[in-house]
Amino acid sequence: MEVLIELAYVLSAVLFIFGLKMLGSANTARRGNLLSAFGMLIAVIATVAQGLDLKFILLGAAIGGIIGLVAAIRVPMTSMPEFVALFNGTGGLASLLVGWAEYRNRMENWTEGVPQDDLISVIAIYLAVLIGGVTFTGSIIAYLKLSEKIGGKPFLYTGQQFVNGVLVLGIVGCGVAFVLDPAGMHTPFLVAVGASFLLGILFTIPIGGADMPVVISLLNSYSGLAACAAGFVISNTVLIVSGALVGASGIVLTTIMCKAMNRSLANVLFSGFGSGTTASGTATAVQGEAKPIVAEDAYYVLEAASSVVFVPGYGMAVAQAQHAVRELGDILEENGAEVKYAVHPVAGRMPGHMNVLLAEANVPYEQLYEMDDINPVIANVDVAIVIGANDVVNPAARTEESSPIYGMPIINVDYARSVFVLKRSMRSGFAGVENPLFFNENTRMLFGDAKASIEALVGQFKG
Amino acid sequence: MLLLFTFVLAIFLGFELIAKVPSQLHTPLMSGSNAISGISIVGALIVFKGSDNETLVTVLGTIAVACASVNVVGGYFVTDRMLSMFKKKEGGK
């Protein structure tokens, strides 16, 4: 029986690996996900087959399963970032609880000190609780920021680094005491649970809305590492392997996101980017005047254009404009123009956010271009339509050394023959940085709600 | 030590697997890997291995199973839902 269970775990780990591999290519991704789900099913069956008391398991699984299912079916694609953030959180909480429960279960074995064989388990209990706790509250804050239930602006106070430092020291101290005498340390253990919750909040709260892709990737990694720690608690290989896979994939995504913003992870986590302290003093006042345009005039330009590129940003998600954009794209194609969609790696609030929205609107992925593919050909584009994107098309990143976003790779829409910027007002982006693009000779501002503006253009073509 | 060894190898494997994913698949990759981190459900189940758990442990274990189930069920379903929308031109219309 033992052997069969172990073999089942090996099989499910293999399925996870193949699943992740297949998720890396558009043609196989869906099958990859199914494969990985199948792996999960095998792991669960193999575990339950050990003869567990099913009463409470079924209760928990029913509650969790129904919540997960309903949420997965109902969540609109525009809300994916906060949805994924919440799910990272439940994963972290689960690992925390596993660590805690195992601690209670095995506590009495450790009254006479910890035998050498159990040392790894004891350390892992502490780590599972710690990482799980940080993941949980960090994800909740990320969720609240992403769903705009609390402000997306970074929250900074003096001595922040100091407070975090003291907290980390306290957690390490509690950890040492706990590992030396776990049975006698139930109260410090509970203090550490509370401290890890607090740490998760304090780490996430100073991070601004535009940096959320990095935070979500990082929390994704943590949720994997927490599962991994839980795996060390119960000496279970399938937890360790799958947790490590998720942990590694989260780190890879975090690195990609940081690179796309030309910033280090430490800078994202600790600088409170765009809080005003960095931006206000240095940004030079931009010369000139923004030139507005009305839908009717924009229509004449688009009507004559032979190549058009859409550059979507977070504003498209807010306005839920993706379907209208697709409709306009189709009309332009029928009109003989070549239509492309250019997506910056950090556009939106999570990695790949814009791609999901455009996919929802049935934009075929052959028409989607990554930044590095669109920039070499952008000078031949007649019209670039920027929809609710700001920092990712800000030429100051190229030219203005004093700008906080200097050095960040951008989509060079300002090189296109003409640029339409769809925007609600002249307010600066989440990074709080002025955008000289709006004042360029070849830029026209189409003010208003992005969806309404696009629909107005569609109306012009139809009427 | 063997477990630690396994852990390190799996981390490297993870780096290799994910390094070449195109950016348009980043969201499904994230929610898909998130579903995998729901593997902590196995840990939550094993909490119930003992026959007479104290009440606190039963409560912790039940909530853990519920949380991990949210992750597993929700994660896989939403990833599938997302991926079903990624279409090529021919099939798309």
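What counts as what
Residues numbered from 1 in each chain as written. Chains lettered and ligands numbered in written order. Predicted model: local features only at pLDDT ≥ 70, side-chain atom pairs only at ≥ 80, totals over all residues. Heavy atoms only, no water. Helix = DSSP H or I, 4+ residues; strand = E, 2+ residues; numbered from the N terminus. Rg over C-alpha atoms; globule rule 2.2 N^0.38 Å. Buried < 20%, exposed > 50% of the residue type's maximum accessible area, 1.4 Å probe, protein only. Contact = heavy atoms within 4.5 Å. Salt bridge = Lys/Arg side-chain N within 4 Å of Asp/Glu carboxyl O. Domains from an automatic or database assignment. Buried area = accessible area lost by both parts, 1.4 Å probe. Polar contact = N/O pair within 3.5 Å; in protein donor to acceptor, adjacent residues only side chain to side chain. Nonpolar A, V, L, I, M, F, W, Y, C, P; charged D, E, K, R; others polar. Axes fitted to C-alpha atoms, helices over the stretch in contact; angles between N-to-C directions. Parallel < 35°, antiparallel > 145°, perpendicular 65-115°, else oblique. Left-handed = near helix turned anticlockwise from the far one by under 90°. Patch = residues over 30% accessible without salt bridge, like charges linked within 9 Å, V, L, I, M, F, W, Y side chains within 5 Å. Areas by Shrake-Rupley, 256 points an atom, 1.4 Å probe, with all protein chains shown as cover. Pairing = 2+ DSSP bridges. Right-handed = clockwise from strand over helix to strand, strands pointing away. Expected span 1.5 Å × (residues − 1).

Draft legend 1. Up close: the overall build of chain B. Within chain B one finds five helices and zero strands. Element order for chain B, N to C, with α for helix and β for strand: α-α-α-α-α. For 93 residues, the compact-globule estimate of 2.2 N^0.38 gives 12 Å, and the C-alpha radius of gyration of chain B, at 18 Å, exceeds that figure by more than 25%. Oriented by its inertia axes, the alpha-carbon framework of chain B measures out at about 60 × 35 × 15 Å. Looking at chain B residue by residue over its 93 residues, the buried ones come to 61%. A fraction of 68% describes how many contacts in chain B between residues 6 or more apart in sequence connect residues 24 or more apart.

Draft legend 2. Representation of the pattern of salt bridges in the model. Residue and element names in this part refer to chain A. Tallied over the entire structure, the rule returns ten salt bridges over all chains. A salt bridge links Arg-326 to Asp-330; the shortest N-O distance between them is 2.9 Å. Here the residue Arg-326 and the residue Asp-330 both occupy positions in helix H14 (residues 322-334), the gap between them amounting to four residues, near one helical turn. A relative accessible area of 17% places Asp-330 in the buried class. Here the salt bridges share partners, and the residues they tie into one network are Glu-102, Arg-106 and Asp-118.

Draft legend 3. Summary view of the domain arrangement of chain A. Residues and elements named next belong to chain A. Each assigned domain of chain A is listed with its residue range as follows: domain 1 (75-270) and domain 2 (295-462). The straight-line distance from the C-alpha centre of domain 1 to that of domain 2 is 37 Å. With 19 residues of domain 1 in contact, the opposing surface of domain 2 contributes 20 residues. Overall, the association of domain 1 and domain 2 removes approximately 1,700 Å² of surface from exposure, summing both partners, and the carbon and sulfur fraction of that is 71%. When the area that domain 1 buries against domain 2 is broken down by residue, the three leading residues are Met-77, Thr-78 and Ala-260, summing to 31%. Counting across the domain 1 and domain 2 interface gives zero salt bridges. Connecting domain 1 to domain 2 are two residue pairs in polar contact (both at pLDDT 80 or more). Those elements that place two or more of their residues in the side of domain 1 that touches domain 2 are helix H4 (80-106), helix H8 (212-233) and helix H9 (237-260). Classifying every residue of the side of domain 1 that touches domain 2 gives twelve nonpolar, four polar and three charged.

Draft legend 4. A look at the side chain of A:Asp118. Residues and elements named next belong to chain A. Position of Asp-118 relative to the elements: it lies in the loop between H4 and helix H5 (119-146). Reaching out from Asp-118, the side chain makes a polar contact with the side chain of Trp-110 at a distance of 2.8 Å. Excluding anything up to four places from it in sequence, Asp-118 contacts Arg-106 and Trp-110.

Draft legend 5. Expanded view of the packing of H8(A) against helix H2 (residues 26-37) of chain B. One way to put it is that H8(A) packs onto H2(B) with a least axis distance of 9 Å and a crossing angle of 20°. Taken as axis vectors, H8(A) and H2(B) run roughly parallel relative to one another. Note that H8(A) runs across H2(B); the crossing there is left-handed. The segment H8(A) lies against H2(B), with A:Ile216, A:Ser217, A:Asn220, A:Ser223, A:Gly224 and A:Ala227 engaging B:Met30, B:Ser33, B:Asn34 and B:Ser37. Looking at the contact of H8(A) with H2(B) residue by residue, the class counts come to three nonpolar, seven polar and no charged.

Draft legend 6. Broad picture of a nonpolar patch on the surface. Where nonpolar side chains cluster on the molecular surface, the patch consists of A:Met1, A:Val3, A:Leu4 and A:Leu7 and spans about 460 Å² of accessible area. Relative to the helices and strands, A:Leu7 resides in helix H1 (residues 2-22).

Draft legend 7. Looking closely at the pairing of strand S2 (residues 338-343) of chain A. Residue and element names in this part refer to chain A. With respect to burial, S2 is a largely interior element, five of its six residues being buried. The pairing of strand S1 (residues 307-312) with S2 spans four bridges and is parallel. Across the sheet, Ser-307 pairs through a bridge with Glu-338, a residue of S2. Judged from the three bridges that link them, S2 and strand S3 (residues 368-370) form a sheet pairing that is parallel. By the bridge assignment for S3, Val-343 is matched with Glu-370. For the crossover that starts at S2, traverses helix H15 (residues 353-360) and ends in the parallel S3, the hand is right-handed.

Draft legend 8. Just H1(A), in detail. With 21 residues, H1(A) should cover 30 Å at 1.5 Å per step; its first-to-last C-alpha distance of 30 Å lies within 8% of that length. All buried positions along H1(A) are accounted for by A:Ile5, A:Ala8, A:Tyr9, A:Ser12, A:Ala13, A:Leu15, A:Phe16, A:Gly19, A:Leu20 and A:Met22. Where H1(A) is buried, its residues touch helix H2 (29-48) and H9 of chain A together with helix H1 (2-18), H2, helix H3 (40-46) and helix H4 (55-83) of chain B.

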